Amino acid sequence: MALFSKLFAGLSKTRAQFDDELAEIFARDEIDDDFYDDLEELLILADIGVKATENIIDGLREDAKKLRIKSPNELGSHLALKVKDQMATCEADYEFENRKSVVLVVGVNGVGKTTTIGKLAAKYRADGKKVIVAAADTFRAAAQDQLSVWAERSGAYLITGKDGQDPSSVVYDAVNAARSRDTDICLIDTAGRLNNKKNLMEELKKMNRIIEREYPDAYKETLIVLDGATGQNAVNQAREFKDATDVSGIVITKLDGSAKGGIAIAIQSELSIPVKFVGVGEGVDDLQKFDADTYVRALFYREGADDDAGETEE
Amino acid sequence: MAFESLTDKLQNVFKNLRSKGRLTEADVKASLKEVKMALLEADVNFKVVKQFVKSVEERAVGADVLNGLNPGQMVIKIVNEEMTSLMGSEVTELEFQPGQAKTVIMMCGLQGSGKTTSAAKIAGKLFRKGKKSLLVACDVYRPAAYEQLKINAEKVGADFFGIEGENDVVKIVKAAMDEAVSKNDNVIIIDTAGRLQIDDVLMEELVHIKEAVTVHQTLLVVDAMTGQEAVNVADTFNEKIGIDGVVLSKMDGDARGGAALSVKSVTGKPILFVGMGEKLTDMDQFYPDRMASRILGMGDVLSLIEKAGEQIDEKKEKEMSAKLKKGKFDFEDYLESMNQMKKMGGLASVMSMLPGMGGMLPKGANMADLTDQIDDKKMARTEAIVLSMTKQERQNPDILNPSRKHRIAKGAGVDIAEVNRLIKQFTQAQKMMKQMPQLMGKRGRFKLPF
């Protein structure tokens, strides 16, 4: 349960405030409109979003009616299930780790793309894989330096370009290097771009075309990195990046703050893109694979408290 | 702007209600539910929303509906006014120390909120006003933060100071003060490391900087995309280190920026600047009323009007509209109107500022599709075609024969089919312009003339 405790610790601040209120709501005597209203408020405060929250609440109402549940306490165990209903998972989620793959990492500015790549590189290097990291962010001053520090630390091979150089040419070099060196995983860092900037989104399409053309045999993965403190705009971001580049997975960073990262639920509910990694701290090991059960449990349950999932924190 | 604007939603709510002279409780309740949802979608903090909705309700029930407005619009008007006043009704400027005294500004905020970029942008803004800044690198944790600030300092015409490899920020800022004296800088801007508000050790570091030197302005940088969390962030930063103002970054995205309202209402501190783009000159003054409209999804009409006012030559405008009315609209005018559009930041940017764009789109289409059609790049091609015409051809499109068209296509580097298409569209546009007065009355949708 090491994974769980990390995530648990990461979300502990989240849970501290959350817990009391959640406990209070479910300790009430009856299920009435106030009960649902307060629960709704709590979910929205976690950035779960208006739509997903409505789905969850509606689901609970239905259950309560169908199963004739009278006490909030009894309904408590249904909450986690309803939340999980909103989430997407897929068997082939981590297929790229077992194949020769090219991983394009995209996202808006300042969400932690470069750091995420650094951590992924370290993780795969530790697994004994051959890793290339490519700095296709030729726009932000010193972005390449930042990535080179990470590459050095992990022993990954670094591909860079000059400041202001066409980022696609860096992708070209990286993909060719990956193919000729028979690299296991090629991680490409792209410049942060706001999702409503059309030209920059076109640039991503161009990168995809290059990968497709130069290394057709590679398994292609596109990860969008989202800041855990982002609100409902994250859904927009994911949607528009998905339109441009076929996003196959989400990484949510900075869940070690007090942000609840409820957007993980909002996005999956609306777009069905699976969350694959979550960042719960600054250390290299603090980027973890995402597991819906663990996440929901870490978000909603108190340490040591009994719950229906039958799991308790060690 | 994938959202339906609040204005549109409220129009729907009131479609079935007949306009009354006074807002009834039912009117207000019905519309406030939509207002509440719109605010939540815009990431305004739930608690702030609740309080806000309550105060609007108190003011709105029984209010007279103004002439020319329907109840929905009246509620919006009240909501907008209340929100503007909540956001701080006036534009706040950065305060400087009098005379030759040096002003010290410290930037703080979460990781990735845009501190380093904002610091450089502020320095650039001050440089253009004739003040010289010293940018001080105190982010000793993030790899390459030092280089980023150094490069940006050079780009914006500011001095730079940092001690590579030094981890003691107090030492750095103290040395920076001497540096500022020797380089004769007016303003010292300290860039600090991004930190979580719950990280006590790092928060302490900021307090230490403040103890070591006199900081006149502590600016909290908040990402406009921040969700419900914005309240906690602002509150903790304010409590632990004290902030004087807020910089709202990444406003050029499509986030509504509800964080602004949350931060303002929790800390009471003014928002000084908004970061509007990736270029180091993209830093704007903050206008409370415009932000209010944006959060409500009403489009930034005011900004648009003002921008238009700045850029469009009034006389030319009059000539143009006279021509339009007569349907005498040639390629010269076409070129002129394209140039004006460009001055206003391109068609896509103009469109995004208009309210109710969501309602005008056909079902299933979104803003991205629309801007696709009216891509600024396409405009450039169109412009090339028009520029390849002779003056005579522009003024008198009827003389365009195949041989002329062929020459134009060659000159513009496009296919002749594209020239033909433009001319056809132009003729249609001409016809449409003639009918404009009637069309305008009917609220019809029409294709843009390119």
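Just so it is clear, the structure is predicted and the values come from calculations on it, not from any experiment.

Observations regarding the overall build of chain A
Across its full length, chain A carries 12 helices and eight strands. A buried classification covers 61% of the 314 residues belonging to chain A. Looking at chain A alone, contacts between residues at least 24 apart form 77% of all its contacts between residues at least 6 apart. Surface summary for chain A: the accessible area is close to 12,400 Å², and the carbon and sulfur share equals 44%.

Remarks on the environment of Glu204(B)
All names here are of chain B. Within the element layout of this structure, Glu204 appears in helix H8 (residues 200-212). Taking the relative accessible area as the measure of exposure, Glu204 reaches 42% and is therefore partly exposed. Through-space distance from the C-alpha of Glu204 to that of Val266 is 22 Å; in sequence the pair is 62 residues apart.

Here we look at the sheet that holds strand E3 (residues 157-159) of chain A
Residue and element names in this part refer to chain A. Spatial strand order, E3-E2-E4-E1-E5-E6-E7-E8: eight strands in an open sheet with mixed pairing. The sheet is open, and its two borders are formed by E3 and strand E8 (287-289), each paired with just one other strand. Mean inter-strand twist for the sheet, computed between neighbouring axes without regard to direction, equals 25 degrees. One ladder, built from three bridges, connects strand E7 (residues 275-279) with E8; its direction is antiparallel. Looking across to E8, one finds that Gly279 is bridged to Leu287. The strands touched by helix H9 (residues 198-214) within the sheet are strand E1 (101-106), strand E2 (131-136), strand E4 (185-190) and strand E5 (219-227), with E1 carrying the most contacts at an inclination of about 175 degrees. In this fold helix H10 (residues 233-245) packs onto E1 and E5, with an angle of close to 160 degrees to the strand it touches most, E5.

Remarks on H8(B)
Residue and element names in this part refer to chain B. Spanning 13 residues, H8 covers 18 Å between terminal C-alpha atoms, matching the ideal 18 Å at 1.5 Å per step. Within H8, the full set of buried residues consists of Leu202, Met203, Glu205, Leu206, Val207 and Ile209. Considering only its buried residues, H8 is in contact with strand E1 (103-109), strand E2 (133-138), helix H7 (169-183), strand E4 (187-192) and helix H9 (230-240).

As for the side chain of Lys119(A)
Residues and elements named next belong to chain A. Looking at the element boundaries, Lys119 is found in helix H6 (residues 113-126). Despite its burial, Lys119 pairs with no opposite charge; the closest candidate is Asp286, at 5.7 Å N-O. When residues no more than four places from it in sequence are discounted, the contact partners of Lys119 are Trp150, Gly281, Glu282, Gly283, Val284 and Leu287.

Quick look at the packing of aromatic side chains
In this description, a pair of aromatic rings is defined by centroid distance and the angle of the planes. Residues and elements named next belong to chain A. Under the counting rule described, the total for this entry stands at five aromatic pairs over all chains. Aromatic side chains Phe26 and Phe35 sit 5.6 Å apart centroid to centroid with 80 degrees between the ring planes, which places their arrangement in the edge-to-face category. Each of the two residues, Phe26 as well as Phe35, counts as buried. Relative to Tyr295, the ring of Phe290 has its centre 5.2 Å away and its plane inclined at 50 degrees; by these criteria the two rings are tilted. For the pair Phe290 and Tyr295, one class covers both residues: buried. Through a chain of ring-to-ring contacts, the aromatic side chains of Phe26, Phe35 and Tyr36 assemble into a single cluster. One residue, Lys289, lies across the ring of Tyr94, its end atom 4.4 Å from the ring centre.

Quick word on the sheet that holds strand E7 (residues 271-275) of chain B
All names here are of chain B. An order of E3-E2-E4-E1-E5-E6-E7-E8 is seen for the eight strands of this open sheet, with the pairing classed as mixed. In the strand order of this sheet, the two ends are held by strand E3 (159-161) and strand E8 (283-285), each with one partner. Adjacent strand axes in the sheet meet at a mean angle of 25 degrees when their direction is disregarded. In this structure, E1 lies alongside E4, joined through five bridges in parallel fashion. Across the sheet, the residue bridging to Ile105 is Ile189, located in E4. H7 rests against E1, E2, E3 and E4 of the sheet, and its axis sits at about 165 degrees to E2.

Notes on the nonpolar core
Formed by 96 residues in total, the largest nonpolar core has its most connected members in Leu79(A), Val133(A), Leu187(A), Ile188(A), Phe277(A) and Tyr295(A). If near-sequence neighbours (up to four positions away) are discounted, Ile188(A) is found in contact with Val102(A), Val103(A), Leu104(A), Val105(A), Ile117(A), Ala134(A), Ala136(A), Val171(A), Val175(A) and Ile211(A). Of all hydrophobic cores here, the second largest spans 73 residues; its members include Val35(B), Val207(B), Ala234(B) and Phe237(B).

Describing the pairing of E1(A)
All names here are of chain A. With six of its six residues buried, E1 lies for the most part within the structure. Burial along E1 is two-sided: Ser101, Val103 and Val105 facing one way and Val102, Leu104 and Val106 facing the other are all buried. Sheet analysis places E1 next to E4, joined by five bridges and oriented parallel. Residue pairing across strands places Val102 opposite Cys186, the latter belonging to E4.

So, the packing of helix H4 (residues 50-66) of chain A against helix H5 (residues 72-85) of chain A
Residue and element names in this part refer to chain A. For the pair H4 and H5, the least separation of the axes is 9 Å and the interaxial angle reads 135 degrees. With respect to H5, the element H4 is oriented oblique. Where H4 crosses over H5, the two elements pack in a sense that is right-handed. Between H4 and H5, the residues in contact are Ile56, Gly59, Leu60, Asp63 and Ala64 and Leu75, His78, Leu79, Lys82 and Val83, respectively.

Some thoughts on the interface of chain B and chain A
Taken together, the contacts link 36 residues of chain B with 46 residues of chain A. In this assembly, chain B packs against chain A so that about 3,600 Å² is buried in total across both faces, 54% of it on carbon and sulfur atoms. It is Met225(B), Asp254(B) and Glu278(B) in chain B that bury the most area against chain A; as a group they hold 17% of the surface buried on that side. At the junction of chain B with chain A, the criterion picks out two salt bridges. Residues Glu41(A) and Lys50(B) are paired through a salt bridge, measuring 2.9 Å at the closest nitrogen-oxygen approach.

Section: the environment of Ile132(A)
All names here are of chain A. Take Ile132: it is sitting in strand E2. Separated by 25 residues in the primary sequence, Ile132 and Tyr157 place their C-alpha atoms 4.7 Å from one another. Leave out the neighbours within four places in its chain, and Ile132 touches Tyr157, Ile159, Ala174, Ala177, Ala178, Arg181, Thr183, Ile185, Cys186 and Leu187.

Overview of the pattern of salt bridges
Residue and element names in this part refer to chain A. Following the criterion strictly, the structure yields 37 salt bridges over all chains and no others. In this structure, the salt-bridge partner of Lys289 is Glu97, at a minimum N-O distance of 2.8 Å. One end of the pair, Lys289, is in strand E8; the other, Glu97, is in the loop between H5 and E1, with 192 residues separating them in the sequence. Close ionic contact of Lys276 with Glu221 constitutes a salt bridge, the shortest N to O distance being 2.7 Å. Within this pair, whereas Lys276 is found in strand E7, its partner Glu221 is found in strand E5, the two being separated by 55 residues in sequence. According to the relative accessible area criterion, Lys276 is buried, its value standing at 3%. Relative accessible area serves as the criterion here: at 2%, Glu221 is assigned to the buried category. Each member of the salt-bridge network shares a partner with another, and the members are Glu24, Arg28 and Asp38.

Things to note about the confidence of the model for chain A
When pLDDT is averaged along chain A, the result is 85; 89% of the residues meet or exceed 70. Note that pLDDT drops below 50 for residues 303-314 of chain A; the model gives that stretch 18 contacts with residues more than four away or on any other chain.

Procedures and definitions
- Residues numbered from 1 in each chain as written.
- Chains lettered and ligands numbered in written order.
- Predicted model: local features only at pLDDT ≥ 70, side-chain atom pairs only at ≥ 80, totals over all residues.
- Heavy atoms only, no water.
- Helix = DSSP H or I, 4+ residues; strand = E, 2+ residues; numbered from the N terminus.
- Buried < 20%, exposed > 50% of the residue type's maximum accessible area, 1.4 Å probe, protein only.
- Contact = heavy atoms within 4.5 Å.
- Areas by Shrake-Rupley, 256 points an atom, 1.4 Å probe, with all protein chains shown as cover.
- Pairing = 2+ DSSP bridges.
- Axes fitted to C-alpha atoms, helices over the stretch in contact; angles between N-to-C directions.
- Expected span 1.5 Å × (residues − 1).
- Lys, Arg positive; Asp, Glu negative; His and termini not counted.
- Salt bridge = Lys/Arg side-chain N within 4 Å of Asp/Glu carboxyl O.
- Phe/Tyr/Trp six-rings, centres within 6.5 Å; stacked < 30°, edge-to-face > 60°.
- Lys NZ or Arg CZ within 6 Å of the ring centre and 35° of its normal.
- Core = buried A, V, L, I, M, F, W, Y, C linked by side-chain atoms within 4.5 Å.
- Parallel < 35°, antiparallel > 145°, perpendicular 65-115°, else oblique.
- Left-handed = near helix turned anticlockwise from the far one by under 90°.
- Buried area = accessible area lost by both parts, 1.4 Å probe.
- pLDDT = per-residue confidence, 0-100.

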